[in-house]
Amino acid sequence: MSGHADLLDRFVAFSAEATAFSAVDLWGTGQAASYLATVQEEAGDQILRDLLEAARPGPAGDQVFTDEKLGPLARNIVKLWYSGVWYELPPQWAARFGAPVKAVPAQRRPGQHGVAGHSLPDSKGPLEQQGRQRTPARCASYVVSAAAYTEGLLWRAIGAHPSGAKAPGYGSWAVPPEIDGYEGDHGKGGSR
Amino acid sequence: MAFDIDSSAIFPIGAATRTTPQIAARKSYDVVIVGGGVSGSILADQLSQAGHSAVIVEAGPGKDVQLDEYEAYLSRFYAASVKDNQAPYPFNPNARMPRSADAMPVTPQTPDDQYYIVQDGPFCTDTTFTRVLGGTTMHWEGKALRMLPEDFDTASRFGHGRDWPLGYDDIEPYYRQAEQELGVSADVEDQRYLGMTFPPGYVYPMRKMPLSYLDQVVARGVDGMRVDLDGDRYDLRIRSFPQARNGVPNPDYDGGKGYQPIGAISTYQVEEGKRCQGNNNCVPICPVQAKYHAGKTLAKALRTGKVDIVTQAVASRVHVDKESGRISGIEYKRYQDPSSPEHTTHTVHGRVYVLAANAIENARLMLASGLPSTSDLVGRNLMDHAYLLRWALLPEIAGTFRGTNCTGGITELRGGRFRERQAGFAVDIHNDGWGWATGSPYSDLLAIVDGQRKHGRDLRAALVSQLSRQLLLAFMIEVAPEPANRVTVDRRYRDPLGNLKPVISFRVPEYSLAGASFGFDLAGQIFTRLGAEDHTTYDPRDYSYVEYAGRGYSIRGGNHLAGTHVMGKTRHDSVTDPAQRSWDHENLFLVGGGSMPTIGTSNITLTLAALAYRSASFIDTQLRTEKAPAVISAR
């Protein structure tokens, strides 16, 4: 049985593999402890330990991302680091694998598109009325904290910044993006 | 009153709270203003500088405008799970704000008559406005286009819309005044098209914002593209938009005096916001206040010491003296706590009354007060720009998701003879990618992680490929006034304070849909020239889905609300005169987008700000010349 500090280290090590951002980058966000606590609260401690046990570096460890039991949790951890959002785990999964069962509000209605911003379920009812930022039992998916949003890796991955934070400066938008570590087929900015 | 340029961002301590409803009720003001947004703030500023006293009745909450309060808006935005254009602003049932996700049909049988705007159809608009101190300029994007000269007489010229009682040349000096107050960044050389003129030597306060790298990539395909339409030839090019956002001051401004940008507002000196930092978050909130908001003008007005504000005060009734037709008071409901409907009712009195609460709220208040006007046009001719979105993936990395929300686009097709058949439009290139259409970048993250099961390096490469190549073209399409498009009230629909809610009946005119159809095809041609892969889909289940000439489109609202108290030449065919003065009530001014007979292809704020400056001079004159004492009710 490992202690909490050890668990946090293992969580960050797994997260570094899963996100392709270095452990230094992840520690630098200041979010590691908060994310670990979120995962433990939302999914449970045992399944997290199972995941960290199964996820060994290398191709074999990659299987956790497609695993029926561990996959949804592994993928949620990736999304958490990239966006700062804890996404609701599938209710069937939660029921089957013993995660805490929560009252989940129904989706509002079909055909809802084009909400400026993004496509998470709406949370403006009781959540905002009470002025609470985090009420898991009431809100299926939520932003873990204001800081979690601004530390999302998503924007760093594309050479940008979260909208509304970490602004790059006047006129920076006029030159090609600098995308660290991008080895795709389009080169580093500019035209082919 | 002159003030030190260094203190121009200072909000006077206690100014927002020094007046109580009881104190305000005992006074007789020169001017009573409903609404603390851009129009109300400009009028309060201009009239108080001219020596008149004023009170602003504001529905939303408001203490002194402080940096920490503004930053609380920002934190709320960061933590909000739906980052729409109202996300930063607190939920307040007593002055409820429409939200874009609220667009759904509401009938008396609808169990959840839960939203603020009651949609009577057939089209469901997702239009919004913001009910906090500063109004919708808190969330606006900041585009500051002038209207074209041909926009002022479209009925005579093209057989669509209504003619203004004013022309471009009448408004041009006020455009310059508005450009100074709002702090517009643009180059005159870029804006001299389709007949727009500027006095010799005029420069905008600040130089144009640089085009984004994305704009430059798109320009490689668009610049030089030729469109022939109804005998007119257009050579398209990507052009920068004028923006009410602090950029590099132009030293030639004001005859060589230059321009001092106004940054963040607070009761203490804040060194922030004097230049845009590229936060890519103009909507719903500029983190540093480099974007203009009405709080900047309001602070100036309050520094005169002649302006009072009562906040958390929702105007509920306009009182009229039956004999004279003059307004005798504005009744409002004041709540202490946004989460409780408990309130007290008060009335404020003045010599002149100004409704400056936006086109929907001005009409709602007039109709709730039983004042449809001689012309029966209060609430009618509701307009908002119709937005058509089309989106694609470019063949190369274009650095999407950087810059201000929008820096450039296509403006040639705003005007021309084709407007006899179809609406004009301006085209925005969205630096924030497909977000408005699809929920990017979150929707892409989910698709790649959960759908494609990618993680690690593959995930990072997929994100770059999927996000940094996004191109979204937004066609902002002219909507002409139609009397049947309207705001009404219905006694079955009330807010928690008991105020009647706005009921909206709207259909997108065929004229606009003809423009949308042309825009859809033009976007396709642009995508082909760029080698971009089209990803546009419209969902027929969408409440804002419309069919036209065999194709379906989702039409979005622009939140550019106008037309509900049009100005004109006589009391029989308009609600206000060219000064925005009510034909029926000589001491009542209805100001804002509601007075605009048409909206052309300009975001309305610059024009309604110019109209507010113009009205200020008429109100000043009226206050100085009018001998009649204020009518004070016995209450």
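The shown structure was predicted, so the numbers you read here are calculated from the model rather than taken from an experiment.

Here is what the cut-offs are and how they apply
Residues numbered from 1 in each chain as written. Chains lettered and ligands numbered in written order. Predicted model: local features only at pLDDT ≥ 70, side-chain atom pairs only at ≥ 80, totals over all residues. Heavy atoms only, no water. Salt bridge = Lys/Arg side-chain N within 4 Å of Asp/Glu carboxyl O. Helix = DSSP H or I, 4+ residues; strand = E, 2+ residues; numbered from the N terminus. pLDDT = per-residue confidence, 0-100. Contact = heavy atoms within 4.5 Å. Buried < 20%, exposed > 50% of the residue type's maximum accessible area, 1.4 Å probe, protein only. Pairing = 2+ DSSP bridges. Axes fitted to C-alpha atoms, helices over the stretch in contact; angles between N-to-C directions. Parallel < 35°, antiparallel > 145°, perpendicular 65-115°, else oblique. Nonpolar A, V, L, I, M, F, W, Y, C, P; charged D, E, K, R; others polar. Buried area = accessible area lost by both parts, 1.4 Å probe.

Turning to the pattern of salt bridges, a few remarks are in order. Residue and element names in this part refer to chain B. Summed over the entire model, instances satisfying the criterion amount to 47 salt bridges over all chains. Two residues, Asp232 and Arg417, come together in a salt bridge whose shortest N-O distance is 2.6 Å. Here Asp232, found in strand 5 (residues 232-235), pairs with Arg417, found in the loop between strand 12 (408-410) and strand 13 (425-429); they are 185 residues apart in sequence, far enough to count as distant. Residues participating in the shared-partner salt-bridge network are Arg146, Glu172, Arg176 and Glu179.

With that settled, consider the confidence of the model for chain A. All names here are of chain A. Confidence along chain A averages 78 in pLDDT terms, with 70% of residues attaining 70 or more. Here residues 103-138 scores under 50 on pLDDT; set against residues more than four positions off or in separate chains, the count is 89 contacts. Between residues 184-192, whose pLDDT stays under 50, and residues either more than four places distant or in other chains, the model counts 23 contacts.

All names here are of chain B. For strand 19 (residues 551-557), the buried fraction is high: six of the seven residues fall into the buried class. Here strand 11 (residues 386-393) runs beside strand 19; their pairing, made up of three bridges, is antiparallel. Of the residues in strand 19, the one forming a bridge with Leu388 is Ile555. In this antiparallel pair of consecutive strands, strand 18 (residues 545-548) and strand 19, the connection spans two residues, and Ala549 shows a positive phi of 50 degrees.

Residue and element names in this part refer to chain B. At a minimum axis separation of 8 Å, helix 7 (residues 213-222) and helix 14 (residues 510-530) run at an interaxial angle of 95 degrees. Here helix 14 runs roughly perpendicular to helix 7, going by the angle between their axes. Where helix 7 approaches helix 14, its residues Val217, Val218, Gly221 and Val222 are matched on the opposing element by Ile526, Arg529 and Leu530. Classifying every residue of the contact of helix 7 with helix 14 gives five nonpolar, one polar and one charged.

To continue, consider the interface of chain B and chain A. Taken together, the contacts link 78 residues of chain B with 75 residues of chain A. In total, chain B and chain A occlude about 6400 Å² of area from one another, counting both sides; carbon and sulfur atoms represent 60% of this. Broken down residue by residue, the surface that chain B buries against chain A is led by B:Ser81, B:Tyr442 and B:Arg460, which jointly contribute 12%. Here chain B and chain A share two salt bridges between them.

A few words now on the sheet that holds strand 15 (residues 486-488) of chain B. All names here are of chain B. Strand order in the open sheet formed by three strands is 3-16-15, with mixed pairing between adjacent strands. Two strands lie at the open edges of the sheet, namely strand 3 (118-122) and strand 15, each paired on one side alone. Each strand axis lies, on average, 20 degrees off the axis of its neighbour in the sheet, ignoring direction. Strand direction decides the pairing type here: strand 3 and strand 16 (residues 503-506), joined by four bridges, are parallel.

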